[in-house]
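Tertiary structure, described
Here is how the chains run, residue by residue.
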Amino acid sequence: MILHIDMDAFFASVEQASNPELRGRPIAVAGSAKRAVIITSSYEARRFGVKTGMMVWEAKKACPHIQIVVANFEKYASTSREIMNIFRKYGVTEAFSVDEAFIDIGNQDPFLTARSIKEEIRKRFNITCSVGVGVNKDIAKLVSGINKPDGYFHVTSLDDIKDLSIKEICGIGRKNFKKLRLLAINTIEEFVNTRDEVLRNTMGIHGIRLKLALKGELTDTVNPEPVTPKSVSNSMTLPHDVWHKGEVELALFQLCEKVGFRLRRNNLWGRRVALYVRYKDFESFSLDRKYYDYTNDEIEIFERVKSLLEDIKLTKPIRLFGVTVTDLASATQATLFDNERLRRIEALDKIRERWGYGAITWGMLANKFNHKPPISPAWRPEKY
Ligand code: TTP
Ligand code: MG
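So, a few notes on the structure that sits alongside this text.

Thresholds applied
- Within any chain, residue numbers begin from 1 and follow the written order of that chain's sequence.
- Working convention: letters from A go to chains and numbers from 1 go to ligands, in the order in which they are written.
- Per-residue local features of the predicted model are confined to residues with pLDDT of at least 70, and side-chain atom pairs are confined, for both listing and counting, to 80 or more; whole-chain, interface and lining totals are unaffected and use all residues.
- Side-chain calculation: all heavy atoms of the structure are included, whereas hydrogens and water are not.
- Under the scheme used here, helices are H or I runs from DSSP no shorter than 4 residues and strands are E runs no shorter than 2 residues, and both carry numbers assigned from the N terminus.
- Radius of gyration here is computed from C-alpha atoms only, and the compact-globule reference equals 2.2 Å multiplied by the residue count raised to the power 0.38.
- Exposed residues in this analysis have more than 50% of their type's maximum accessible area, buried residues have under 20%, and partly exposed residues fall in between, with area computed by a 1.4 Å probe over protein chains only.
- Pairs of residues are marked as contacts when any of their non-hydrogen atoms sit within 4.5 Å.
- Using a 1.4 Å probe, the Shrake-Rupley method yields the accessible areas, and only the shown protein chains count as cover for residues.
- Throughout this description, a polar contact denotes any pair of N or O atoms lying within 3.5 Å of each other; where both atoms belong to protein, one of them has to be capable of donating a hydrogen while the other can accept it, and for residues adjacent in sequence the pair is counted only when both atoms sit in side chains.
- Only strands joined by at least two bridges in the DSSP assignment are considered to pair.
- Between the N-to-C directions of two axes lies an angle of 0 to 180 degrees, each axis being a line fitted to C-alpha atoms and, for a helix, fitted only over the stretch in contact.
- Pairing of aromatic side chains here covers Phe, Tyr and the six-membered ring of Trp, requires ring centres within 6.5 Å, and sorts the geometry by plane angle: under 30 degrees stacked, over 60 edge-to-face, intermediate tilted.
- Each patch is assembled from residues with relative accessible area greater than 30% and no salt bridge, linking like charges that lie within 9 Å and nonpolar side chains (Val, Leu, Ile, Met, Phe, Trp, Tyr) that lie within 5 Å.
- A carboxyl oxygen of Asp or Glu within 4 Å of a side-chain nitrogen of Lys or Arg is what we treat as a salt bridge.
- We treat Lys and Arg as the positive residues and Asp and Glu as the negative residues; His and chain ends play no part in the count.
- Charge coordinates come from a single atom per side chain, which is NZ of Lys, CZ of Arg, CG of Asp or CD of Glu.
- For Na, K and Ca the donor cut-off is 3.2 Å, while for other metals it is 2.8 Å, and in both cases only N, O and S atoms qualify; water is not among them, so sites may look incomplete.
- Four donors are marked tetrahedral only if all angles between them lie between 85 and 135 degrees, whereas four are marked square planar and six octahedral if opposite donors are more than 155 degrees apart and the other angles lie between 65 and 115; the remainder are marked irregular.

A few points about the overall build of the protein
Per the secondary structure count, the protein includes 13 helices and twelve strands. Relative to the 2.2 N^0.38 estimate, which gives 21 Å for 384 residues, the radius of gyration of the protein is 23 Å and therefore close to what a compact globule would have. With respect to the three principal axes, the spread of C-alpha positions in the protein is 60 × 55 × 40 Å. Taken across its 384 residues, the protein has 46% of its residues classed as buried. Here the analysis covers contacts within the protein between residues at least 6 apart in sequence; of these, 67% occur between residues at least 24 apart. Accessible surface, the protein: about 19400 Å² in total, of which carbon and sulfur atoms supply 51%.

In structure tokens:
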């Protein structure tokens with residue numbers, strides 16, 4: 001049996017747990033003091049219509065007495081790590097995002113196991129979570145949100161889920177949802193009664209796999225190792241819009257440094273480098289280029305990003321940059337790079353691993369943008 005566990009209002013709950021004054025009150029967590037986007041809110045605030053993605057002023061309009069807390073990502077990351085360690089005591093665990101995991105509990109009783117996990121987390125962190133139970137990951141994930149917060153839902157037959165919208169299925173994105181709707185497939189019952197050819201034509205082989213899974217005819221295993229990523233990417237909304245070459249390069253180098261570090265930590269090299277630019281007015285574009293040599297050297301990545309920039313003219317102040325390295329390969333396929341630089345980078349990494357990522361950086365970043373380490377639902381505790 002598989003459990004899918006998702007923490008309730010995770011960042012907001014952690015804040016409420018660590019500050020008694022915030023408990024039971026509508027609060028929202030904003031990404032940073034300057035960039036005022038709500039990244040999550042407590043259930044008390046959600047009742048007023050506060051939603052992830054709103055600007056702080058919108059949230060205040062919806063809920064005038066809302067308390068805004070600036071995100072403390074280190075705190076959420078370390079809580080997440082500890083929570084995953086609790087899960088691991090109950091079965092093979094796959095960390096699926098910062099606040100979600102699958103646990104294969106084998107033949108243990110799902111209700112008692114969920115109750116005991118909930119209790120342990122409540123005692124340790126004073127926060128709640130919601131649990132979905134099913135014979136595979138797709139079913140467990142589908143239902144963990146049904147009775148949020150502090151929910152529990154165990155799927156024992158197709159009947160339990162047949163009326164749910166296909167929108168709830170993890171793996172049916174907006175595009176597939178639209179395509180399926182045109183075929184009058186709205187509910188899970190309609191989905192599992194659709195012929196295989198139709199599903200294959202609409203959404204490929206993945207559609208057929210999903211049909212089997214939802215019917216409960218597929219039992220899958222939980223993957224304890226994080227899957228090798230297809231790309232390594234970091235983006236940063238700048239504390240203030242940038243325009244001058246020096247500032248642009250400073251921001252880009254900072255991102256390249258992080259991407260390089262993460263590639264090396266995962267023993268990966270990449271040769272396609274992409275740059276994403278979002279202007280102040282939210283107009284955005286991306287550029288990318290494939291190179292012959294693989295690299296995970298931040299200076300080389302930075303050179304490649306700069307050369308992408310040389311092909312265009314930035315026309316407005318920039319709000320956000322993203323740097324992505326794709327076309328990844330593991331160590332064997334990579335070309336060796338400059339030895340001295342390699343030694344320096346290895347020395348940097350050792351210090352970072354010992355003392356934390358922020359412990360050391362290149363001279364040009366001495367007055368880097370004061371940006372919190374990025375974290376998103378896709379963040380997994382196993383990785384940096
Ligand atoms: P979610 O599990 O999607 O949300 P949640 O835990 O806050 O609320 P729920 O009870 O509905 O599960 O995401 C987990 C955390 O990830 C969330 O607390 C904040 C963060 N997050 C972002 O940083 N950006 C986002 O776009 C989303 C959706 C979440
Ligand atoms: Mg959650």
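Having seen it, we continue.
What to know about the environment of T202
Relative to the elements of secondary structure, T202 occurs in helix α9 (residues 196-203). Judged by relative accessible area, T202 falls into the buried class, the value being 11%. In this view, T202 contacts N176, K179, L180 and L183; residues no more than four positions away in its chain are not counted. At 2.5 Å, the side chain of T202 and the backbone oxygen of V198 are in polar contact.

Points about the sheet that holds strand β10 (residues 268-279)
On the basis of which strands lie adjacent, the open sheet formed by four strands has the order β9-β12-β10-β11 and antiparallel pairing. Since the sheet does not close on itself, it has two edges, and those belong to β9 (231-242) and β11 (284-295), each with one partner. Each strand axis lies, on average, 15 degrees off the axis of its neighbour in the sheet, ignoring direction. Here eight bridges tie β10 to β11, and the two strands are oriented antiparallel to one another. Directly across from R272, in β11, lies its bridge partner K290. The sheet strands contacting helix α11 (residues 245-265) are β9, β10, β11 and β12 (318-330), and the helix crosses β9 at an angle near 155 degrees.

Section: unusual backbone geometry
With omega at -10 degrees, the peptide bond leading from K148 into P149 counts as cis. The phi dihedral of N126 is positive, around 60 degrees, even though this residue is not glycine. Mapping N126 onto the fold places it in the loop between α5 (110-125) and β7 (129-134). Although it is not a glycine, A184 sits at a positive phi angle of roughly 65 degrees. Looking at the secondary structure, you find A184 in the loop between α7 (174-182) and α8 (188-192).

Examining the packing of aromatic side chains
Going through the model one piece at a time under the given rule, you end up with eight aromatic pairs. Ring centres of F11 and Y76 lie 4.1 Å apart, and the angle between their planes is 15 degrees; this geometry places the pair in the stacked category. One end of the pair, F11, is in helix α1 (residues 10-18); the other, Y76, is in helix α4 (residues 73-88), and 65 residues separate them in sequence. With respect to class, F11 is no different from Y76; both count as buried.

Digging into the sheet that holds strand β3 (residues 38-41)
Strand order in the open sheet formed by three strands is β3-β2-β4, with mixed pairing between adjacent strands. Two strands close off the open sheet at either side, each with one partner strand: β3 and β4 (67-70). Adjacent strand axes in the sheet meet at a mean angle of 30 degrees when their direction is disregarded. Taken together, the three bridges between strand β2 (residues 27-30) and β3 define a ladder with antiparallel strand orientation.

Quick word on a positive patch on the surface
There is a patch of like positive charges on the surface, built from K167, R174, K178 and R181. Among the secondary structure elements, K167 is positioned in the loop between β8 (152-154) and α7. The class of K167 is exposed, set by a relative accessible area of 53%.

Thoughts on the coordination of the magnesium ion (ligand 2)
The textbook angles at a metal center are 109.5 degrees for a tetrahedron of four donors and 90 or 180 degrees for an octahedron of six. The coordination sphere of the magnesium ion (ligand 2), as far as protein atoms go, consists of D6 (OD), M7 (O) and D99 (OD), spread over 2.0 to 2.3 Å. Of note is the magnesium ion (ligand 2), whose six donor atoms meet at the metal with angles of 76 to 177 degrees in an arrangement that counts as octahedral. Site description for the magnesium ion (ligand 2): donor spacing in sequence, D-M-x91-D. Here M7, found in strand β1 (residues 2-7), pairs with D99, found in the loop between β5 (92-97) and β6 (100-104); they are 92 residues apart in sequence, far enough to count as distant. Among the residues examined, M7 registers a relative accessible area of 2% and is labelled buried. Take D99: its relative accessible area is 12%, and that puts it in the buried class.

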